Amino acid sequence: MSRAAQKLIAASGGEDAYEIEQSLMFARADSAKLEWNPGSGATSYRKWTFSAWVKRGSLGSVQAIFGCYSGSGTNDQDYNILYFGSGDELHFGAYTYDFLKTNRKFRDVGAWYHIMLVLDTTQATNYTARKKIYINGVQETSFAVNNLISQNYNLGVLRGNPHYLGWTNSTYYYDGYLAEVYLIDNLPLTPSSFGETDEDTGAWIPKEYTGTFPGESTYLKFVSGAIGTDSSGQGNNWTTSNLANADVVLDTPTNNHCTLNPPDSSGNLTTSQANTKFHSSNTDRVCFRGSIGVTSGKWYFEYTDAASSSGSVGVATSAATSLTQNGMVGNSSYGWAVNSDGAKENGNSETASYMSGGYTTNDVIGVALNMDDGEITFYKNGSSSGVAFSNLADKGAVFPAVCTGSHSGAFDTLNFGQMAFEHTAPSGYKAWNTSNLPIPTIKNGGKYFNTVLYTGSDDAAVSQSVTGVGFAPDLIILKRYDDTANPGWWDKVRGEHKGLSSATTGAQATDTYGLESFNSDGFTVREADVAQGKTNTGSMLGWCWKAGGSGSSNSDGAQTTTVSANQTSGFSIVTATGTGSSTTYGHGLGVEPKVVLTKGISAVDDWYFFTSGIDGIPYNTWQYNKLNTTNAFASDTATAENTTTFNMGYGSGVTFVAYCFADVPGFSQFGIYEGNGSATGPFKNLNFRPAWIMIKKTSSGTGSWFLYDTKRSPGNVVDSAMWMDAANATTSDASYRIDLLSNGFQLRGTNTNLNGSGTIFFYMAFAENPFKYANAR
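Quantities reported herein were computed from a predicted structural model and do not represent experimental measurements.

Parameters and conventions
- Residues numbered from 1 in each chain as written.
- Predicted model: local features only at pLDDT ≥ 70, side-chain atom pairs only at ≥ 80, totals over all residues.
- Heavy atoms only, no water.
- Helix = DSSP H or I, 4+ residues; strand = E, 2+ residues; numbered from the N terminus.
- Rg over C-alpha atoms; globule rule 2.2 N^0.38 Å.
- Buried < 20%, exposed > 50% of the residue type's maximum accessible area, 1.4 Å probe, protein only.
- Contact = heavy atoms within 4.5 Å.
- Areas by Shrake-Rupley, 256 points an atom, 1.4 Å probe, with all protein chains shown as cover.
- Disulfide = S-S within 2.5 Å.
- Salt bridge = Lys/Arg side-chain N within 4 Å of Asp/Glu carboxyl O.
- pLDDT = per-residue confidence, 0-100.
- Pairing = 2+ DSSP bridges.
- Axes fitted to C-alpha atoms, helices over the stretch in contact; angles between N-to-C directions.
- Core = buried A, V, L, I, M, F, W, Y, C linked by side-chain atoms within 4.5 Å.
- Lys, Arg positive; Asp, Glu negative; His and termini not counted.
- Polar contact = N/O pair within 3.5 Å; in protein donor to acceptor, adjacent residues only side chain to side chain.

## What about the overall build of the protein?
The helix and strand inventory of the protein stands at 3 helices and 60 strands. For 777 residues, the compact-globule estimate of 2.2 N^0.38 gives 28 Å, and the C-alpha radius of gyration of the protein, at 27 Å, lies within 12% of that figure. With respect to the three principal axes, the spread of C-alpha positions in the protein is 85 × 75 × 45 Å. Across the 777 residues in the protein, those meeting the buried criterion constitute 62%. Looking at the protein alone, contacts between residues at least 24 apart form 67% of all its contacts between residues at least 6 apart. By element, 43% of the accessible surface of the protein is carried by carbon and sulfur atoms, the whole surface being about 25,500 Å².

## A closer look at the environment of Gly675
Tracing the sequence through the fold places Gly675 in the loop between strand 52 (668–674) and strand 53 (683–685). For Gly675, a relative accessible area of 6% gives the class buried. In sequence terms Gly675 and Arg159 are 516 residues apart; their C-alpha atoms lie 52 Å from each other. Not counting residues within four places of it along the chain, the set of residues in contact with Gly675 comprises Pro682, Asn755, Gly756, Ser757, Gly758, Thr759 and Phe761.

## As for the state of the cysteines
Here the structure, examined in full by the defined rule, presents 1 disulfide. Bridging Cys287 to Cys403, the disulfide has an S-S length of 2.1 Å. Judged by the sign of its S-S torsion, about 115°, the bond between Cys287 and Cys403 is right-handed. Of this pair, Cys287 sits in strand 22 (residues 286–290) while Cys403 sits in strand 31 (residues 398–404), and the two are 116 residues apart along the sequence. What makes Cys287 buried here is its relative accessible area of 0%. Free of any disulfide, Cys660 has its nearest neighbouring cysteine sulfur in Cys544, separated by 19 Å. The class of Cys660 is buried, set by a relative accessible area of 0%.

## Points about the pattern of salt bridges
Summed over all chains, the structure comprises 13 salt bridges. The residue Arg289 makes a salt bridge to Asp264 at a minimum N-O spacing of 2.8 Å. One end of the pair, Arg289, is in strand 22; the other, Asp264, is in strand 19 (residues 260–265), with 25 residues separating them in the sequence. Each member of the pair Arg289 and Asp264 is classed as buried. One salt bridge in this structure joins Arg480 and Asp482, with 2.6 Å as the shortest N-O distance. Since its relative accessible area comes to 13%, Arg480 is described here as buried.

## A look at the confidence of the model for the protein
Counting all residues, the mean pLDDT for the protein is 92, and 96% of those residues have values of 70 or more. Per-residue pLDDT stays below 50 along residues 1–14; that stretch engages in 32 contacts with residues further than four places along the chain or on separate chains.

## Structural notes on the sheet that holds strand 19
Judged by pairing direction, the sheet is antiparallel, and its 7 strands sit side by side in the order 19-22-31-24-25-26-27 without closing on themselves. Taken across any chain shown, the strands that pair with only one partner, and hence form the sheet edges, are strand 19 and strand 27 (349–351). Strand-to-strand twist across the sheet, computed as the mean angle between neighbouring axes with direction ignored, equals 25°. Pairing of strand 24 (residues 312–317) with strand 25 (residues 335–339), which is carried by 5 bridges, proceeds in the antiparallel orientation. Looking across to strand 25, one finds that Val313 is bridged to Val338.

## Focus on the sheet that holds strand 37 (residues 498–501)
The antiparallel open sheet is built from 6 strands, whose spatial order is 33-41-35-36-37-38. Looking at which strands have only one partner, the edges of the open sheet turn out to be strand 33 (449–455) and strand 38 (509–510). Two strands pair when backbone bridges link them, and strand 36 (residues 488–491) and strand 37 are joined in this way by 2 bridges, in the antiparallel orientation. Each bridged residue has a counterpart across the sheet, and for Trp489 the counterpart in strand 37 is Leu500.

## Observations regarding the pairing of strand 3 (residues 47–56)
Counting buried residues along strand 3, 9 of its 10 residues qualify, which places the element largely inside the surrounding structure. With 8 bridges joining them, strand 3 and strand 8 (residues 113–120) adopt antiparallel strand pairing. Considered in strand 8, the bridge of Trp48 is made with Leu119. Relative to strand 13 (residues 176–185), strand 3 runs antiparallel, the two sharing 8 bridges. Bridged to Val54 within strand 13 is Leu178.

## Thoughts on the nonpolar core
In this structure, Leu34, Trp48, Phe50, Val315, Leu369, Ile376 and Trp432 are the most contacted members of the largest nonpolar core, which totals 79 residues. When sequence neighbours within four positions are dropped, the list of residues in contact with Trp48 reads Phe92, Leu117, Val118, Leu119, Leu155, Val157, Leu158, Leu183, Ile184, Asn186, Leu187 and Pro188. Ranked by size, the runner-up nonpolar core spans 59 residues in total, among them Ala547, Ile573, Met694 and Tyr736.

## Focus: the environment of Gly456
Of note, Gly456 is situated in the loop between strand 33 and strand 34 (464–467). Between the C-alpha atom of Gly456 and that of Thr537, which follows or precedes it by 81 residues, the distance is 4.2 Å. With sequence-adjacent residues up to four places away left out, Gly456 is seen in contact with Gln464, Asn536, Thr537, Gly538 and Met540.

## Concerning the environment of Gly470
The topology assignment puts Gly470 in the loop between strand 34 and strand 35 (475–480). As a C-alpha pair, Gly470 and Lys534 span 64 residues in sequence and 23 Å in three-dimensional space.

## Describing the side chain of Glu527
Following the sequence through the fold, Glu527 ends up in the loop between strand 40 (522–526) and strand 41 (539–545). It is Lys534 that comes nearest to the buried, bridge-free Glu527 among opposite-charge side chains, at 4.2 Å. Only 2.8 Å separates the side chain of Glu527 from the backbone nitrogen of Asn536, close enough to count as a polar contact. Polar side-chain contacts of Glu527 include one of 2.7 Å to the side chain of Thr537. Aside from chain neighbours lying at most four places away, what touches Glu527 is Asp458, Asp459, Ala460, Tyr513, Gly514, Lys534, Thr535, Asn536 and Thr537.

Rendered as structure tokens:
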């Protein structure tokens, strides 16, 4: 297929933004690099800006992004390097030591980072002004290493030393993608020169650089046929080594393509060429899913077998339990595949001779997924084997899936359209990338859920206005996080001054101070030290949800309710009065809720947390727990929810509040994962970049309700846990660690209440951005 035709498949046609058309794919195994030796025309060795968009491939090894080295010198003016360390931190170093090393770990392989390094050694303040790293437009401030650069020091960059991309000093080859690489002489720029915050999505996106290119500046677009050509107009061209036009690909920050997803694998996986090539690291078969899931549309990808290995290729949902070591894609009812012997398989049921002769070395298997009709068809070297299955509709998000064995160093290949397909895709089928994903209902999760941090005044005589929520909140959970204090719940239906705490069974407390008002961009608080927790002392946070205002009467159920509902975000607040028996109450969502959380507000009562059998939860009925306890989940045979009502029993005359949540693709998700007890824990693909996650062990004894958010922990790894059922302050512990990524989360700790081996855990998560717009984190 021609590159022009390939671009048509990849194109989305839609949003008005600066488009990056191609990137350069580096493979460590190929020893790929670019080299340039600047002349004597540099305007300054003390001031410069390096900017690049970066998508990582393999992790866990030292990999150079950019550097310079004389080849023989041993001082810090001969050798400078921007690189990922073996622990996946970002470093900027010299020959003898690092100037900077982040605490943040860069382990997100699903999407793109914008990385800027800005040097200005003329500045008087060393630690804050002479060297700066920006990630996705935000200056990095948390460093494990932050060493001195003397004022007016001349670094090696832009001197006569050879400069490199993807390599330095005969080692440290990079694996991943680079796009839009700039080195600007004499100008210590800000991120606004290269990117901007999208007004619709809130995500950091590229923009065209319109500034000047002084002296020895250079700009690489990585155009096929002219990979190392400088587009700055200065003629500072780079020489390529072990790179070909085929390494110029369509995977870009503005059109992110699916790749294999190592966090979502069964282990023993060796990857190469930016997660498009792979094999098992030992004799066991390894299974994995791709990085992007789809729920609608027609999609095509190709799998090329490097050597016959008794494997399978197809698609699977996140509920597929067959993608384990030595598993097969179709062993689960949530996996659909063709096996290397030619049989098709779903639900551990094989139909032999579906694909004549099966597939073996160098065969190209095309996978055509039609989610609109619930069908999947497999192709062998361009020839269709016919529709294999037609039962994929209404199964949730479906991901590419492969199980493959050891190839003694040979690498299988996956191609989702970032490279030219070997065979023509069926008519109407698209490359598997973010441009082709449908426009989500919610582009910016921050317009419906947000976390705000503020410092309380600790003065009951002073009202403090907290802003920056981004909307008028209707539910606010306030929590002091630097010291013990209960989490306090406030909502607009019950009204100001009326708080509850999820750490107690106490009835609603009405106090003089507390939360004084719900505002258009936040709320006003005055200090209250009562059962519902502190509201304005020390380091405070507010978790904020948008419902539908103060509420209105709803008569959908047998009992009239007051409902504040937001059907777009799948959230409603309900108040009603019990009858002494089980009856129905309207919730206003228009779809069946996945979580209903209730609390009696006029009496001492537990917080009852009900959830349905979603995303493979192994129960036949609704389950319930108590948010104020560490109990395991239990079966609930009485609860019944539908698109208009929920069923609940409260004592006669007891007023209660219910918080109802529905699943909204790209914004909210409620499901389960199984722990493995390892520091490389299970990965859960949410198809969005999470802003907030709550996790609870469902069985195997007691366990608290763990809470994480991205405002307290803006970078990975996240180990700042809090609890919904306790007054504890934020606690950092290695066993609590979790990575929050562009497309989901991965457990990184071994605490048995988060990642006990063989234990099932429930989670509820809300998004910053759907994956279509997400930056790497």
